[in-house]
Amino acid sequence: MAEMKGDGGVNTWADELASLMEDSGIRYTGEPIDMTAPPPPLPIFAATGIMGSETEMERERESLKEQVTGFLKSWGEMVVDLGKGCKDIVTQSNLVTEDSFIVRKFGKPMAKASARLKFLNEFLPEDRDPALAWPVILFVFVLALAALSINSTDDSLVPSVKKMRVHPPSANRIPLPDGRHMAYLEQGVPADRARFSVIVPHSFLSSRLAGIPGVKTSLLQEFGVRLITYDLPGFGESDPHAIRNLNSSAMDMLYLADAVGVNGKFWVLSYSSGSMHSWAALRYIPDRIAGAGMFAPMINPYEPSMTKEEMRRTWDQWSSRRKLLYFLARKFPKFLAYFYHRSFLSGNHGQIDKWMSQSLGKKDEILIKEPMFEEFWHRDVEESIRQGSTKSFIEEAVLQVSNWGFSIADLQVQRKCQRNGFLLWLWSMYSQAECELVGFLGPIHIWQGMDDQVVPPSMIDYISRFLPGANLHKLPNEGHFSYYFFCDECHRRIFSTLFGDALGPLDKVEIDGTSFEAEVEDVSSTSNSVGK
């Protein structure tokens with residue numbers, strides 16, 4: 001069987017095998033095969049079995065890539081053809097002639113823009129027309145952005161939106177002389193044991209629940225403080241006021257103090273925009289105010305007595321949206337309703353920095369991410385918007401940027417002499433005129449975070465210029481919230497600054513009626529004997 005070919009020219013087995021496929025040019029010569037030599041590479045036809053299946057898989061993968069590539073190429077060619085067709089239509093029409101309105105109106109600006117962007121054409125192949133290539137690139141870029149935006153909307157990445165809740169009424173309320181009712185909240189020691197009574201008007205988008213956020217009851221008792229917070233008109237559970245101004249705000253505070261049994265003077269404590277109600281109390285009811293503590297106090301950003309430098313440093317700190325809201329509050333307050341309905345009156349909770357339209361400092365950013373702060377913030381906002389009306393919020397915003405009816409300079413302690421009329425003035429030249437001290441005579445303490453981007457430190461520069469007697473406490477690296485919210489050590493330092501040593505609540509004095517009557521009889525008998 002070594003040889004199958006005979007004299008008649010019959011093919012051998014090698015010739016028969018070669019006839020069944022392409023002739024590779026390889027012939028077996030009958031020479032012995034060296035088994036130590038490396039095996040020759042497998043011919044294509046020998047790649048069978050497992051090798052063959054892997055090759056088929058690679059071919060399938062390559063074919064899929066080729067199909068996708070071909071589809072994209074054909075799609076791109078169709079877009080190019082569409083662009084050429086649109087170009088032909090525009091060219092054949094009268095829209096791009098030299099006399100057309102579009103060319104006369106936009107020709108020169110487009111030419112200037114094209115000249116400035118001409119360097120981008122260097123990135124295109126030489127055979128590509130920029131007028132056709134760049135629209136295609138722009139179109140593909142827009143489609144890519146749309147695809148990315150669709151793919152990025154993964155339910156696992158989107159934070160859940162927390163809905164606002166409506167809580168049952170829980171406030172104590174007092175009637176006011178004009179028929180309204182005011183809601184308030186008491187904390188600390190009772191009225192008969194209070195060394196210091198403190199009334200707190202809340203800031204914008206807040207309520208009576210704020211007070212001093214996170215203050216401990218044990219600290220209030222340690223200093224003998226009775227803390228009274230209340231809802232401004234239209235906020236929380238307080239009735240709205242038909243015609244509200246800062247004078248009426250001071251009167252509401254006075255009525256509240258009398259209604260809850262605050263005898264004598266009381267302290268006012270305020271934060272951020274709530275400070276304008278404290279300023280009003282110092283101006284209109286100074287005889288009932290023992291002292292004031294303010295944290296990041298706001299003033300009217302349009303105050304005409306501010307210098308250009310103070311004005312610039314104030315407005316440069318704010319975002320464009322915040323500036324727009326102040327402008328609308330001053331000129332077109334009704335438009336504020338649109339922004340309020342899209343933020344805190346939308347029924348969903350949101351981030352405090354976005355609702356305030358302001359970026360925050362480092363300490364504030366850390367604080368607002370704490371679960372304790374988030375829980376307090378959500379509950380306070382829910383109470384603030386309980387009535388669901390924009391009227392009270394618009395009124396508060398307008399009060400902030402309108403004429404207050406007084407100036408901070410009016411609170412400065414100064415001597416005022418009565419010299420009305422020419423004769424009285426002439427008489428005062430020869431005798432000492434009757435003079436009295438005017439302004440607020442009590443202490444004013446102001447704390448300001450130097451990293452506060454909501455109430456810029458430039459505002460306390462203005463305050464210190466007109467109230468040189470005020471005690472300013474500048475807080476390095478502190479923001480708008482970090483010193484006043486949920487800081488036990490800060491609260492202790494604040495109380496120590498305002499009230500001195502912690503002496504606790506007042507002791508109850510129990511009067512023995514019998515002994516008191518006996519002492520009265522002894523005193524009366526002694527007086528009768530002396531009279532005789």
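Residues numbered from 1 in each chain as written. Predicted model: local features only at pLDDT ≥ 70, side-chain atom pairs only at ≥ 80, totals over all residues. Heavy atoms only, no water.

*Asks:* In this structure, what is going on with the environment of Leu-328? I would like to understand it.
*Replies:* Residue placement: Leu-328 occurs in helix H9 (residues 320–331). Among residues more than four places away in sequence, those in contact with Leu-328 are Pro-333, Phe-335, Leu-336 and Phe-339. (Helix = DSSP H or I, 4+ residues; strand = E, 2+ residues; numbered from the N terminus. Contact = heavy atoms within 4.5 Å.)

*Asks:* Mind showing me how you'd approach the state of the cysteines here?
*Replies:* By definition, a disulfide links the sulfur atoms of two cysteine residues through a covalent bond. Counting across every chain of the model gives one disulfide. Linked covalently through their sulfurs, Cys-487 and Cys-490 form a disulfide whose S-S length is 2.1 Å. Across the S-S bond linking Cys-487 and Cys-490, the dihedral sits near 55 degrees, which makes this disulfide right-handed. Side by side, Cys-487 and Cys-490 carry an identical accessibility label, which is buried. (Disulfide = S-S within 2.5 Å. Buried < 20%, exposed > 50% of the residue type's maximum accessible area, 1.4 Å probe, protein only.)

*Asks:* Can you walk me through the pattern of salt bridges in this structure?
*Replies:* Close approach of charged atoms allows side chains of opposite charge to pair. One pass over the full model with this rule turns up 21 salt bridges. For Asp-178, the salt bridge goes to Arg-180, with nearest N and O atoms at 2.7 Å. When the shortest N-O distance is used, the salt bridge between Glu-383 and Arg-379 registers 3.2 Å. With a gap of four residues between them, Glu-383 and Arg-379 both fall in helix H13 (residues 371–384), about one helical turn apart. (Salt bridge = Lys/Arg side-chain N within 4 Å of Asp/Glu carboxyl O.)

*Asks:* Explanation requested: a nonpolar patch on the surface in the structure shown.
*Replies:* Where nonpolar side chains cluster on the molecular surface, the patch consists of Leu-138, Phe-141, Val-142 and Leu-145 and spans about 390 Å² of accessible area. Assignment of secondary structure puts Phe-141 in helix H4 (residues 130–151). The partly exposed category is assigned to Phe-141, whose relative accessible area is 48%. (Patch = residues over 30% accessible without salt bridge, like charges linked within 9 Å, V, L, I, M, F, W, Y side chains within 5 Å. Areas by Shrake-Rupley, 256 points an atom, 1.4 Å probe, with all protein chains shown as cover.)

*Asks:* Explanation requested: the side chain of Glu-382 in the structure shown.
*Replies:* With respect to the helices and strands, Glu-382 occurs in helix H13. In this structure Glu-382 is buried but unpaired, with Arg-379 as the nearest side chain of opposite charge at 4.7 Å. For Glu-382, the side chain forms a polar contact with the side chain of His-167, separated by 2.7 Å. If near-sequence neighbours (up to four positions away) are discounted, Glu-382 is found in contact with Lys-163, Met-164, Arg-165, His-167 and His-349. (Lys, Arg positive; Asp, Glu negative; His and termini not counted. Polar contact = N/O pair within 3.5 Å; in protein donor to acceptor, adjacent residues only side chain to side chain.)

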